[in-house]
Amino acid sequence: MPLISTKGIYGLSAMHELAKHNDDSPMQIKDISANASIPQNYLEQLLGKLRKAGLVNSIRGARGGYHLARSADDIKVVDILIALEDDLKIADQKTNNPILDLFFDESKEKMKKIFDLSLSKLDDYQNKYNQFLHYNI
């Protein structure tokens with residue numbers, strides 16, 4: 001079982017696309033879908049969950065679409081993942097071993113800290129990727 005499912009990966013990709021969108025107009029779902037390589041029907045479901053979580057806003061109509069509900073600096077990766085995955089899970093259930101239960105609880109908290117990164121900070125990975133390409137040419 002993967003730690004983060006396709007829901008989380010696709011949702012984070014969609015949010016990253018919205019964060020990169022510099023225009024004040026909403027981004028249409030077909031553009032998010034194309035840019036992030038997410039099936040449009042699946043993306044609609046994910047954006048609905050993200051809207052309910054208060055992470056995106058939607059605007060109806062021909063010129064409608066989606067935009068971030070608040071600044072990319074104020075949206076954390078952990079918030080996106082929890083909105084889509086319901087929680088970050090290492091183990092689905094408690095064990096009969098209190099030591100392991102403590103271990104899994106502590107691991108979950110550490111995971112949340114790792115993902116306590118603002119959406120805008122994903123741009124740092126773009127810089128790392130560009131450096132990687134530069135050195136491997």
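The coordinates are above.
All values derive from a computational prediction rather than experimental measurement. (Residues numbered from 1 in each chain as written. Predicted model: local features only at pLDDT ≥ 70, side-chain atom pairs only at ≥ 80, totals over all residues. Heavy atoms only, no water.)

Caption draft 1: A look at the overall build of the chain. A count of helices and strands for the chain gives six helices and two strands. Counted from the first residue to the last, the chain has its helices and strands arranged as α-α-α-β-β-α-α-α. Its C-alpha atoms put the chain at 55 × 40 × 25 Å along the principal axes. For the chain, with 137 residues in total, the buried portion stands at 31%. At a minimum sequence separation of 6, the contacts of the chain that also span at least 24 residues come to 62%. Surface accessibility of the chain: about 9000 Å² in total, with carbon and sulfur atoms responsible for 50%. Separation between the mean location of the 18 positive side-chain charges and that of the 19 negative ones in the chain comes to 3 Å. (Helix = DSSP H or I, 4+ residues; strand = E, 2+ residues; numbered from the N terminus. Buried < 20%, exposed > 50% of the residue type's maximum accessible area, 1.4 Å probe, protein only. Contact = heavy atoms within 4.5 Å. Areas by Shrake-Rupley, 256 points an atom, 1.4 Å probe, with all protein chains shown as cover. Lys, Arg positive; Asp, Glu negative; His and termini not counted. Charge placed at Lys NZ, Arg CZ, Asp CG, Glu CD.)

Caption draft 2: Region of interest: the nonpolar core. Counting residues in hydrophobic clusters, the biggest one holds 23 residues, and the most contacted among them are Met15, Leu18, Ile32, Leu47, Leu50, Ile80 and Leu119. Of all elements in the fold, only α1 (6-20), α2 (29-36), α3 (40-52), β2 (65-68) and α4 (77-85) reach the threshold of two or more residues within this core. The dominant element in this core, judged by the number of residues it contributes, is α3, at four residues. Excluding residues within four positions of it along the chain, Ile32 makes contact with Ala14, Glu17, Leu18, Met27, Leu43, Leu47 and Tyr66. By size, the runner-up hydrophobic cluster in this structure holds five residues, among which are Val77, Leu81, Leu88 and Met111. (Core = buried A, V, L, I, M, F, W, Y, C linked by side-chain atoms within 4.5 Å.)

Caption draft 3: Fine view of the pattern of salt bridges. Going through the model one piece at a time under the given rule, you end up with four salt bridges. Of the charged contacts in the structure, one is a salt bridge between Lys76 and Asp116, with a shortest N-O distance of 3.8 Å. Pair noted here: Lys76 is in the loop between β2 and α4 and Asp116 is in the loop between α5 (98-114) and α6 (123-135), with a separation of 40 residues, a long-range link. (Salt bridge = Lys/Arg side-chain N within 4 Å of Asp/Glu carboxyl O.)

Caption draft 4: Molecular detail of α3. End to end, α3 covers 18 Å across 13 residues, agreeing with the expected 18 Å (1.5 Å per residue, within 8%). The complete set of buried residues in α3 reads Leu43, Leu46, Leu47, Gly48 and Leu50. Packing partners of the buried residues in α3 comprise α1, α2, β1 (56-59), β2 and α4. Immediately beyond the C-terminal end of α3, within one or two residues, lies Gly54, with a positive phi of roughly 80°. (Expected span 1.5 Å × (residues − 1).)

Caption draft 5: Representation of a nonpolar patch on the surface. A grouping of Tyr129, Phe132 and Leu133 is seen on the molecular surface, where their side chains present a nonpolar patch of about 310 Å² in accessible area. With respect to the helices and strands, the residue Tyr129 is situated in helix α6. (Patch = residues over 30% accessible without salt bridge, like charges linked within 9 Å, V, L, I, M, F, W, Y side chains within 5 Å.)

Caption draft 6: Here's a closer look at the side chain of Glu85. In this fold, Glu85 is placed in helix α4. Although Glu85 is buried, it makes no salt bridge; Lys7 carries the closest opposite charge, 5.2 Å away. From its side chain, Glu85 meets the backbone nitrogen of Gly8 in a polar contact 3.0 Å long. Among all residues touching Glu85, those that are not within four sequence positions of it are Ile4, Ser5, Lys7 and Gly8. (Polar contact = N/O pair within 3.5 Å; in protein donor to acceptor, adjacent residues only side chain to side chain.)

Caption draft 7: Spotlight on the pairing of β1. In the sheet, β1 pairs with β2 via four bridges, with the strands oriented antiparallel. Residue pairing in the sheet places Ile59 in a bridge with Gly65 of β2. The turn joining β1 and β2, which pair antiparallel and follow one another in sequence, is formed by five residues; a positive phi near 110° is taken by Gly61. (Pairing = 2+ DSSP bridges.)

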